[in-house]
Amino acid sequence: MSRLNILRRSPSPTAADGSASPEASDRLAVDRLAAGPPPSTGSRTASTAPTVALLTALGVLVVGQMYTVLAMLTPMADSFATTPTQTTWTATAFGFAYAAGFLIAGPLSDRYGPRTVITGGLVGATATTLAVSVAPSLTWAVVLRIAQGLTAATFAPSAFSYIAGHLAPHRRGIALTCVTSGMLASAVLMQIGAQIVAAGLGWRTVFVLSAALMALSLWPVRRILRPTAAQDSGPSLLQAFVAVPRLLRKPRLVALYLATATVMASFVAVYTAVVVAGPPGVAGDNAALLALRASALPALVAVPLLTSALHRLAAPVRVVLAMSVAAGAVAAGSALGGDVRVLALVLLVFVAAVATAAPAVVEIVHAMASHARGAGVALYACSMFLGASLGPPTGRCPFRAGLRRHPPRRRGTAGGGHAALPACLGRPSARPVKPGGVLLGSAPDVPPSRTDQ
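Residues numbered from 1 in each chain as written. Predicted model: local features only at pLDDT ≥ 70, side-chain atom pairs only at ≥ 80, totals over all residues. Heavy atoms only, no water.

A. Expanded view of the packing of helix α7 (residues 114-132) against helix α11 (residues 203-224). At a minimum axis distance of 8 Å, the contact between α7 and α11 shows a crossing angle of 160°. What the angle tells us is that α7 and α11 run roughly antiparallel. Of the two possible hands of crossing, α7 and α11 adopt the one that is left-handed. Residue-level inspection shows R115, I118, T119, L122, V123, A125, T126, T129, L130 and V132 of α7 in contact with α11, the latter providing W203, F207, V208, S210, A211, M214, A215, S217, L218, V221 and R222. (Axes fitted to C-alpha atoms, helices over the stretch in contact; angles between N-to-C directions. Helix = DSSP H or I, 4+ residues; strand = E, 2+ residues; numbered from the N terminus. Parallel < 35°, antiparallel > 145°, perpendicular 65-115°, else oblique. Left-handed = near helix turned anticlockwise from the far one by under 90°. Contact = heavy atoms within 4.5 Å.)

Shown next, in the form of C-alpha cells:
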C-alpha cells in the first residue's frame, strides 16, 4: 500500500472538541504534499505546454510593468521637468498598488474562476497602461501607475490558481517553476526591452507597445485557458473575501508569508546594494549594471529544466534548502563581492535559489489553503511584492548610514549578512551613479530638462 493511500485512509488529527485543529490540518496537508501527487486521470486537465507558454509569457509582460520605468527614469524626468529621484515614485506607487491588488484578485479568482479574472484584468491593464503613455505630468503618471498596478495584480494569483485547478498534478511543478521564473526574469528582460525602445522611440512608446501586447494576448487567453466549471457551487463573493483573514490564523502559512517577504526583500536589496556600493567596474556604469543583472538569467532558465530532479525532494525540504543556499550566497557576496566575477557567480547562485524556493512555497500554500487557493496565493503574492518594495531602503540605508563614516577601503562587518552587504561589496566608484542605471529609487538628482520624448 502506498504512503499516499495510508495518509488518505488515516483519520485526521482532531482537537479536544473533536474537530480538526488548524495545526493538525496544516501538518496533514504538508505530509500529503511530501507523499507526492496522486496520478492524473488525464480527463479534465488542460493541455500543459500551451498553458505554461502562455502564462509564462504573460508573467514576463504583466509583472514586468513594475520594472519598465527603472530603465526610463531620466527620459521620464526630462519629459515631466523633474528629477529622476522624484520619478521613482512611479515605481513605488505601482509596487504598493500591485501588492494591495492581490488581496482583491485572489478572492475574485476563487469566486468567478481564474480565466474570467485574468481576462478582465488584461482588459483593465490594457486601458491603464495606455493611459500612462499620455500622462501630462508626474502627478498624473503616479496616479495612473497606481491604477495600472491594481489591474495588473489580477494576473499572478489567478495564474497560480489556474495551474492548481486545471493542470494534471504531476505537471503542476514544472508549470509553477516556469511561471515564477518568468516573473523573476521580467525584472531584467523588461528593463532591457524598455531601455532599447525608449532610446529609439521615446518612453511613451514603451507603454503603448505593452498595452498592445496585452490586448493581443486576450485571444490566446480565451482560446487556451479553460473556464472553471460549476462556479455556482463555489463560495460567494463575501465568503471568498472572508477567507483571507481566516488564512492568516494559520501559523505555518503566516511563517511562509514572512519568509517570502524576507527573501524578496533580500533579492531586491542585493541588487540595490550593487548599484550604490558595487565594485568600481560596476557602480555608475549602465552597461555593466545591465550585464550583471542579465548574468543571472541562465539560472532562471536552468531551474525549470531541473524541475524533475528537484521534485524528488518534498516541497518543504526544497524551501529550506533553497533559502539556506540563498543566505549562504549573500554571506559569500558580503565577504568576496569586491571581485566582479565572484559577484556575478554569487548573484547567479542567489537567483537560482530564489527561483527554486518560489514554486515550492506556492505548492505548500496550495496544500494548506486547498479550499481558498486564490486567497492563499494572493496573500503569498502580496507578501512577495511587499518584500520587494522594502528591498531598496534595506539595500540603501546601511550604505547611507555607515559606509561613509569609514575610509573607502575599509570593509565593514557590523551586523553581518544583508546589513553588511553594501559596505562589503567593494568601495564605491568615484564616478557618480548614472540615473539610467538605478534600481528602485537609487538615482541621484540631476538638473531637469524640459525636452519631451
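B. The packing of helix α9 (residues 155-166) against helix α10 (residues 172-201), seen in detail. α10 packs onto α9 with a crossing angle of 165° between their chain directions and a minimal axis gap of 9 Å. When the axes of α9 and α10 are compared, the pair comes out roughly antiparallel. For the crossing formed where α9 meets α10, the hand is right-handed. Contacts between α9 and α10 involve F155, A156, F160, I163 and A164 from the former and R172, A175, L176, V179, T180 and M183 from the latter. Taken together, the residues that form the contact of α9 with α10 break down as 9 nonpolar, 1 polar and 1 charged. (Nonpolar A, V, L, I, M, F, W, Y, C, P; charged D, E, K, R; others polar.)

C. Structural detail: empty space enclosed by the protein. One pass over the full model with this rule turns up 8 cavities of 30 Å³ or more. Computed from the structure, the second largest cavity encloses a volume of approximately 90 Å³. Lining the second largest cavity are V63, Y67, F160, T180, M183, L184, M264, A358, Y380, M384 and F385. Those elements that provide at least two residues to the lining of the second largest cavity are α10 and α19 (373-402). (1 Å grid on protein atoms, 1.4 Å probe; cavity = no way out; pocket = protein on both sides within 12 Å on 5 of 7 lines; lining within 4 Å. Points joined across faces, edges and corners; volume = space filled by probe spheres on them.)

D. Seen up close, the environment of P84. You can see P84 is positioned in helix α5 (residues 84-87). Sequence separation between P84 and L73 is 11 residues, and the spatial gap between their C-alpha atoms is 5.2 Å.

E. Here's a closer look at the pattern of salt bridges. Summed over all chains, the structure comprises 1 salt bridge. The salt bridge involving R318 is made with E363; its shortest N-O contact spans 3.2 Å. In this pair, R318 sits in helix α17 (residues 315-336) while E363 sits in helix α18 (residues 340-368), placing the two residues 45 residues apart along the sequence. For the pair shown, R318 and E363 are each scored as buried. (Salt bridge = Lys/Arg side-chain N within 4 Å of Asp/Glu carboxyl O. Buried < 20%, exposed > 50% of the residue type's maximum accessible area, 1.4 Å probe, protein only.)

F. Summary view of the packing of aromatic side chains. Going through the model one piece at a time under the given rule, you end up with 5 aromatic pairs. Ring geometry for F160 against Y380: centres 6.3 Å apart, planes inclined by 65°, an arrangement best described as edge-to-face. In this pair, F160 is assigned in helix α9 and Y380 in helix α19, connecting sequence segments 220 residues apart. For the residue pair F160 and Y380, the accessibility class agrees, reading buried in each case. Centre to centre, the rings of W203 and F207 are 6.0 Å apart; their planes meet at 85°, and the pair counts as edge-to-face. Taken together, the residues W203 and F207, both in helix α11 and 4 residues apart, mark about one turn of the helix. Across the pair, F207 and W203 agree in class, each one buried. Every member of this aromatic cluster is reached through a ring pair, and the members are F80, W203 and F207. (Phe/Tyr/Trp six-rings, centres within 6.5 Å; stacked < 30°, edge-to-face > 60°.)

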